[in-house]
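Residues per chain, in single letters:
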Amino acid sequence: MTGRFADTTVLVIGGTHRLGAAIAAAADAEDARVTVSSHTPRDERTLRIDLRDEASVAAAAQRIGPVDHLISTASMTYSAPIREMELSRVQEAMAAKITGPLLLAKHFQIRQSLTLFSGQVAWRPGSGSYATGITNGAIAFAAQHLAAELAPVRVNAISPGIIDSGLWDARGAEKAAFLTAAASRTLVGGTGTVQDIVDAVLWIMSAPFFTGETLRLDGGRR
């Protein structure tokens, strides 16, 4: 028996670590031909794509040719009081979430679907979170507008809540308490897993009547 994505090509932006790597592995297990990218590749098997650099996007598109499914997990989070804002850091955040997806749509020949990543901070404003919130919020509009622009290619976004993806490991001994508190604020009484997100991505890739939408996976937090 062959997998759902046999004879298809899949490109995962940011596919060398954490969530991106899990998505790439799942697509590979479903018999897709998977390519992963990084803005700082460590080996020849990893495609170089820096969403801050249009030339690198164009070169990558020319190198690998058409792709059936493109998933971008790129993110450059930035938080600071507005009076201390560093414009270059905000521009990097915008490159990952706003102008980067536009460059992907411009240069890559996508045959079936483009999936982008937003985040719940877009709908939960807080002090210092404007850069991350605005850029994540823009992804919801990008999915709608790019779905119209690229039709019949399907364009969607996923907005995760708190996911135990390894991102929070830097909190050390405080991580467990942080996840417990986050879980208490959801309707399901828990936090998400990497598998939750992977399953959603694979479903979106295989859902021919789903486009222009943002799928919120936050346990009802919103």
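By the naming in an unreviewed UniProt entry, the chain goes by NAD(P)-dependent dehydrogenase (Short-subunit alcohol dehydrogenase family) and is assigned to Agromyces hippuratus. The heading Sequence similarities (unreviewed entry) in the UniProt record of the chain holds the text "Belongs to the short-chain dehydrogenases/reductases (SDR) family."

Trainee: Mind showing me how you'd approach the pairing of strand β5 (residues 110-117) here?
Mentor: Remark: a regular strand shows side chains that alternate across the two faces of the sheet. Burial of β5 is extensive: six of the eight residues sit out of reach of the surface. Of the strand pairs in this sheet, strand β4 (residues 67-72) and β5 are connected by four bridges, and their pairing is parallel. Of the residues in β5, the one forming a bridge with Val-67 is Ile-110. By the bridge criterion, five bridges tie β5 to strand β6 (residues 154-160) in an arrangement that is parallel. Across the sheet, the residue bridging to Leu-114 is Val-155, located in β6. For the crossover from β5 across helix α4 (residues 130-150) to β6, the handedness is right-handed.

Trainee: Hey, could you run me through the pattern of salt bridges in this one?
Mentor: Note that side chains of opposite charge can pair when their charged atoms are close. Counted under the stated rule, the structure contains ten salt bridges. A salt bridge links Asp-50 to Arg-52, with the shortest nitrogen-to-oxygen separation between them at 3.0 Å. Note on Arg-52: relative accessible area 39%, which makes it partly exposed. As a salt-bridge pair, Lys-175 and Asp-169 come within 2.6 Å of each other at their nearest N and O atoms. Linked by salt bridges that have partners in common, Arg-48, Asp-50, Arg-52, Asp-53 and Glu-92 make up one network.

Trainee: Got a minute to help me understand the packing of helix α1 (residues 18-29) against helix α6 (residues 194-205) in this structure?
Mentor: Contact geometry for α1 and α6: axes closest at 10 Å, N-to-C directions at 50°. Between α1 and α6, the angle falls in the class oblique. Here the hand of the crossing between α1 and α6 comes out right-handed. Side by side, α1 and α6 meet where Leu-19, Ala-22, Ile-23, Ala-26 and Ala-27 of the first sit next to Val-194, Ile-197, Val-198, Val-201 and Leu-202 of the second. For the contact of α1 with α6, the residue count by class is ten nonpolar, no polar and no charged.

Trainee: For this particular structure, what's the right way to read a nonpolar patch on the surface?
Mentor: A cluster of nonpolar residues, Ile-82, Met-85 and Leu-87, forms a patch on the protein surface that exposes about 290 Å² of accessible area. Mapped onto the elements, Ile-82 comes out in the loop between β4 and α3 (87-107).

Trainee: Explain the nonpolar core here, please?
Mentor: Within the largest apolar cluster, 28 residues are counted, with the highest numbers of intra-cluster contacts made by Leu-11, Ile-13, Ile-49, Leu-70, Phe-108 and Leu-114. If you list the elements that add at least two residues to this core, you get β1 (9-13), α2 (54-64), β4, α3, β5, α4 and β6. Sorting elements by how many residues they give to this core places α4 first, with six residues. Beyond its immediate stretch of four places on either side in the chain, Leu-70 contacts Leu-11, Ile-13, Leu-104, Phe-108, Ile-110, Ser-113, Leu-114 and Thr-115. By size, the runner-up hydrophobic cluster in this structure holds 23 residues, among which are Val-10, Ile-197, Val-198 and Ile-204.

Trainee: Would you take a moment to explain α4 for this structure?
Mentor: Since one α-helical turn is 3.6 residues long, residues separated by three or four positions face the same way. For α4, spanning 21 residues, the distance from its first C-alpha to its last is 29 Å, which sits close to the expected 30 Å at 1.5 Å a residue. At Phe-141, α4 shows its largest bend, some 25°.

Trainee: Please explain α6 as it appears in this structure.
Mentor: Taking 1.5 Å of rise per residue, the twelve residues of α6 would be expected to cover 16 Å, and the 17 Å separating its terminal C-alpha atoms lies within 8% of that figure. Buried within α6 are the following residues: Ile-197, Val-198, Ala-200, Val-201, Leu-202, Ile-204 and Met-205.

Trainee: I tried to follow the packing of aromatic side chains on my own but got confused; where do I start?
Mentor: What describes a pair of aromatic rings is the distance from one ring centre to the other and the angle between the planes of the rings. Counted under the stated rule, the structure contains two aromatic pairs. A ring pair is formed by Trp-168 and Phe-178, whose centres lie 4.7 Å apart and whose planes are at 45°; its orientation type is tilted. A residue pair is termed long-range when its members are at least 10 positions apart, and Trp-168 in the loop between β6 and α5 (175-184) and Phe-178 in helix α5 qualify at ten residues. We note Arg-171 situated over the ring of Phe-178; from NZ or CZ to the ring centre the distance is 4.0 Å. Note that Arg-216 overlies the ring of Trp-123, its terminal NZ or CZ placed 4.3 Å from the centroid.

What counts as what
Residues numbered from 1 in each chain as written. Predicted model: local features only at pLDDT ≥ 70, side-chain atom pairs only at ≥ 80, totals over all residues. Heavy atoms only, no water. UniProt positions renumbered as here; feature names shortened; annotations may be inferred. Buried < 20%, exposed > 50% of the residue type's maximum accessible area, 1.4 Å probe, protein only. Helix = DSSP H or I, 4+ residues; strand = E, 2+ residues; numbered from the N terminus. Pairing = 2+ DSSP bridges. Right-handed = clockwise from strand over helix to strand, strands pointing away. Salt bridge = Lys/Arg side-chain N within 4 Å of Asp/Glu carboxyl O. Axes fitted to C-alpha atoms, helices over the stretch in contact; angles between N-to-C directions. Parallel < 35°, antiparallel > 145°, perpendicular 65-115°, else oblique. Left-handed = near helix turned anticlockwise from the far one by under 90°. Contact = heavy atoms within 4.5 Å. Nonpolar A, V, L, I, M, F, W, Y, C, P; charged D, E, K, R; others polar. Patch = residues over 30% accessible without salt bridge, like charges linked within 9 Å, V, L, I, M, F, W, Y side chains within 5 Å. Areas by Shrake-Rupley, 256 points an atom, 1.4 Å probe, with all protein chains shown as cover. Core = buried A, V, L, I, M, F, W, Y, C linked by side-chain atoms within 4.5 Å. Expected span 1.5 Å × (residues − 1). Bend = angle between axes of the 7 residues up to and from the residue. Phe/Tyr/Trp six-rings, centres within 6.5 Å; stacked < 30°, edge-to-face > 60°. Lys NZ or Arg CZ within 6 Å of the ring centre and 35° of its normal.

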